[in-house]
Amino acid sequence: MRGLSPQQRNLIVIVAIVMLAILTNAILMLRLRIQTNQWQLLAVAVIFIAADLILTGSVILALREKVKPAIILSFISITLIITLRTALLAGLGFMSSVTYLAVIIILVGQTLASASASRATIVGAVIAVLNLLLDQIIPWERPSISALISTTPFIAGAVVITLGIITLRQFRDFSLRTKFILAFSFTAISVVVVSGYIFYKSLTEKSLQEFRSRVETAVAIAALQQNGDEFARISSGQDPLYEKFRVQNMRIRSTDSQFIFVFTASKDENGFYFVVDA
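**Q** Let's hear about the overall build of the protein: which residues, and what values?
**A** When helices and strands are counted, the protein shows 9 helices and 2 strands. Counted from the first residue to the last, the protein has its helices and strands arranged as α-α-α-α-α-α-α-α-α-β-β. For the protein, the residues scored as buried account for 41% of the 278 residues in total. Residue pairs at least 24 apart in sequence account for 69% of intrachain contacts in the protein once pairs closer than 6 positions are excluded. With an accessible surface of roughly 15,800 Å², the protein has 66% of that area assigned to carbon and sulfur atoms.

Okay, structure coming up:
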């Protein structure tokens, strides 16, 4: 990257790391879409791929010495993917907000003057808080994909750690004001993370209990609707009774968008085994 200013180099490196993380997320969501058949995963994957294309444009702008437009484009792209993912998928608001804030602080701190970086950091912090609140107050049903929720922290952690290492390597070259801003920002993030985690954990546990209650109600209703004697006579997947129970299970699954699979099981001396699925 000879011939580039420090701001150009920093911007290109940071955006490249973010683009790699976005692409990894998109591939993961496309794979999960095949497994779960949730349209929201496909929609978010398309949004992420589109964001990568937009971020490619910001890299081109940076190479043409249009650093400020490149930063604005990057800021907007990262903001959109975070908020739209939160709007379509449940259970990712807290991790998305923390990662977003960390990335924005590093992005603007490495590319903007101190005053502009301070204003951009405040805007990023406000958006992160709003995204966290959005995750809790959205009225429509969103799928909660456990595989995505468990994998996202590792991808986010890799991004933040990588960007953090890059920032620390250049820390000695920063002005005293920039060092103060970064120290204050990371302290604020720590406070937000701890407070937000406690708050988020409480709300998540409440949501989980509500979901368990819905599942128990659905199971109870299903047990009343299905004939145990007929179920015991199912001999194969070609049995007419199998199709009857499968249709009933599909109707139960369609009553809640968070019901991904509905199984009817039986038990013998070896334990439980599935008989009918939907």
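From this point on, the discussion continues.
**Q** Describe in detail the nonpolar core, supporting the description with residues and values.
**A** Among the nonpolar cores identified, the biggest contains 49 residues, and L11, M29 and L148 are the most heavily contacted of them. Counting residues per element, the ones that place at least two in this core are α1 (6-36), α2 (39-63), α3 (67-88), α4 (93-111), α5 (114-137) and α6 (146-169). With 13 residues, the top contributor of residues to this core is α1. Membership of the second largest hydrophobic core comes to 5 residues, among which are I234, L241, Y242 and V276.

**Q** Residues and numbers for the packing of α4 against α5, please.
**A** Running from N to C, α4 and α5 point in directions that differ by 170°, and their axes come no closer than 9 Å. Classified by the angle their axes make, α4 and α5 are roughly antiparallel. Residue-level contacts link G93, F94, S96, S97, Y100, L101, I104, I105, V108 and G109 of α4 to A117, A120, T121, G124, A125, I127, A128, N131, L132 and D135 of α5.

**Q** Tell me about the packing of α4 against α6, residues and numbers included.
**A** Contact pair α4 / α6: the axes reach a minimum separation of 10 Å and the direction vectors enclose 20°. Taken together, the axis directions place α4 and α6 in an arrangement best described as roughly parallel. Seen along the crossing, α4 lies across α6 with a hand that is left-handed. When α4 is examined against α6, the residues M95, T99, A102, V103, I106 and Q110 are found in contact with a partner set consisting of T152, P153, A156, V159, V160, L163, G164 and T167. Classifying every residue of the contact of α4 with α6 gives 9 nonpolar, 5 polar and no charged.

**Q** Pulling in residues and values, what's your account of the packing of aromatic side chains?
**A** One pass over the full model with this rule turns up 1 aromatic pair. Ring geometry for F75 and Y100: centres 6.5 Å apart, planes at 80°, overall edge-to-face. With F75 in helix α3 and Y100 in helix α4, this residue pair connects regions lying 25 residues apart in the sequence. Comparing F75 with Y100 shows no difference in burial state: the two are buried.

**Q** Can you lay out the pattern of salt bridges for me, pointing to particular residues and giving the numbers?
**A** Inspection of the entire model under this criterion finds 1 salt bridge. In this structure, R142 and D135 form a salt bridge, with 2.9 Å as the shortest nitrogen-oxygen distance. Assessed through its relative accessible area of 6%, D135 is described here as buried.

**Q** Kindly report on unusual backbone geometry, identifying the contributing residues and their values.
**A** Not every positive phi belongs to a glycine, and N37 is a case in point at roughly 65°. One can find N37 in the loop between α1 and α2. Assessed through its relative accessible area of 58%, N37 is described here as exposed. A positive phi angle is found at E65, which is not glycine, with a value near 70°. In this fold, E65 is placed in the loop between α2 and α3. When its relative accessible area of 63% is taken as the criterion, E65 is described as exposed.

**Q** Could you give an account of α1, with specific residues and numbers?
**A** Between its terminal C-alpha atoms α1 stretches 45 Å, which fits the 45 Å expected from 31 residues at 1.5 Å a residue. The positive-phi residue at the C-terminal boundary of α1 is N37, with phi of around 65°.

**Q** Which residues make up a nonpolar patch on the surface, and what values do they have?
**A** Taken together, the side chains of L30, L42, V46, I49 and L53 make up a nonpolar region of the molecular surface, amounting to roughly 420 Å² of accessible area. It is α2 that contributes the most residues to the nonpolar patch, 4 residues altogether. Assignment of secondary structure puts L42 in helix α2. Assessed through its relative accessible area of 36%, L42 is described here as partly exposed.

**Q** Provide a residue-level description of the environment of S144, including the pertinent values.
**A** Among the secondary structure elements, S144 is positioned in the loop between α5 and α6. Through-space distance from the C-alpha of S144 to that of L88 is 9.5 Å; in sequence the pair is 56 residues apart.

Thresholds applied
- Residues numbered from 1 in each chain as written.
- Predicted model: local features only at pLDDT ≥ 70, side-chain atom pairs only at ≥ 80, totals over all residues.
- Heavy atoms only, no water.
- Helix = DSSP H or I, 4+ residues; strand = E, 2+ residues; numbered from the N terminus.
- Buried < 20%, exposed > 50% of the residue type's maximum accessible area, 1.4 Å probe, protein only.
- Contact = heavy atoms within 4.5 Å.
- Areas by Shrake-Rupley, 256 points an atom, 1.4 Å probe, with all protein chains shown as cover.
- Core = buried A, V, L, I, M, F, W, Y, C linked by side-chain atoms within 4.5 Å.
- Axes fitted to C-alpha atoms, helices over the stretch in contact; angles between N-to-C directions.
- Parallel < 35°, antiparallel > 145°, perpendicular 65-115°, else oblique.
- Left-handed = near helix turned anticlockwise from the far one by under 90°.
- Nonpolar A, V, L, I, M, F, W, Y, C, P; charged D, E, K, R; others polar.
- Phe/Tyr/Trp six-rings, centres within 6.5 Å; stacked < 30°, edge-to-face > 60°.
- Salt bridge = Lys/Arg side-chain N within 4 Å of Asp/Glu carboxyl O.
- Expected span 1.5 Å × (residues − 1).
- Patch = residues over 30% accessible without salt bridge, like charges linked within 9 Å, V, L, I, M, F, W, Y side chains within 5 Å.

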